[in-house]
Amino acid sequence: MFWVYYPDMRPIFAKFEVYNGKNFGAKMSWEELFESRMFYGRIIKSTLDNPYDKFLYEYQGLKDNKILQWLKGEDIKDRIFNYEQTLWRY
């Protein structure tokens, strides 16, 4: 695994096309793919309520249970989504 600073790589991503198996007629660059969030990701670590900076698999009760780790990640994803929605409340 590695980390890439997206703003620095964005011009490079815009130059290359990505294969889109669902739509052969529409051309898409990697930059468009990332901007439209057409990728899969899962949460493995969060800063929400995590003072010891642990990964999800290090949490008590989640060590060997992949389903509970996934559910905890989905819970964190929902909390982030709800927080973002409250930022735009008028």
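Residues numbered from 1 in each chain as written. Predicted model: local features only at pLDDT ≥ 70, side-chain atom pairs only at ≥ 80, totals over all residues. Heavy atoms only, no water.

Draft legend 1. Structural view of the overall build of the protein. For the protein, the helix and strand inventory stands at three helices and zero strands. Mapped in sequence order, the helices and strands of the protein form the string α-α-α. Considered along the principal axes of its C-alpha atoms, the protein spans approximately 45 × 40 × 30 Å. Residues classed as buried in the protein amount to 17% of the 90 residues present. When contacts within the protein are restricted to residue pairs at least 6 apart in sequence, long-range pairs at least 24 apart make up 25% of them. When the accessible area of the protein is evaluated, it comes to approximately 8300 Å², of which 59% is carbon and sulfur surface. For the protein, the distance from the average site of its 14 positive side-chain charges to the average site of its 13 negative ones is 2 Å. (Helix = DSSP H or I, 4+ residues; strand = E, 2+ residues; numbered from the N terminus. Buried < 20%, exposed > 50% of the residue type's maximum accessible area, 1.4 Å probe, protein only. Contact = heavy atoms within 4.5 Å. Areas by Shrake-Rupley, 256 points an atom, 1.4 Å probe, with all protein chains shown as cover. Lys, Arg positive; Asp, Glu negative; His and termini not counted. Charge placed at Lys NZ, Arg CZ, Asp CG, Glu CD.)

Draft legend 2. How the structure looks around the environment of Asp78. You can see Asp78 is positioned in helix α3 (residues 66-87). With 74 residues separating them in the primary sequence, Asp78 and Val4 have C-alpha atoms 25 Å apart.

Draft legend 3. Region of interest: the pattern of salt bridges. Counted by the stated rule, this structure contains five salt bridges. Glu35 is paired through a salt bridge with Arg10; the nearest N and O atoms lie 3.9 Å apart. Here the residue Glu35 occupies a position in helix α2 (residues 30-35), and Arg10 occupies one in helix α1 (residues 6-15), the gap between them amounting to 25 residues. Judged by relative accessible area, Glu35 falls into the partly exposed class, the value being 43%. With a relative accessible area of 37%, Arg10 lands in the partly exposed category. Between Asp53 and Lys45 there is a salt bridge, with its nearest N and O atoms 3.2 Å apart. (Salt bridge = Lys/Arg side-chain N within 4 Å of Asp/Glu carboxyl O.)

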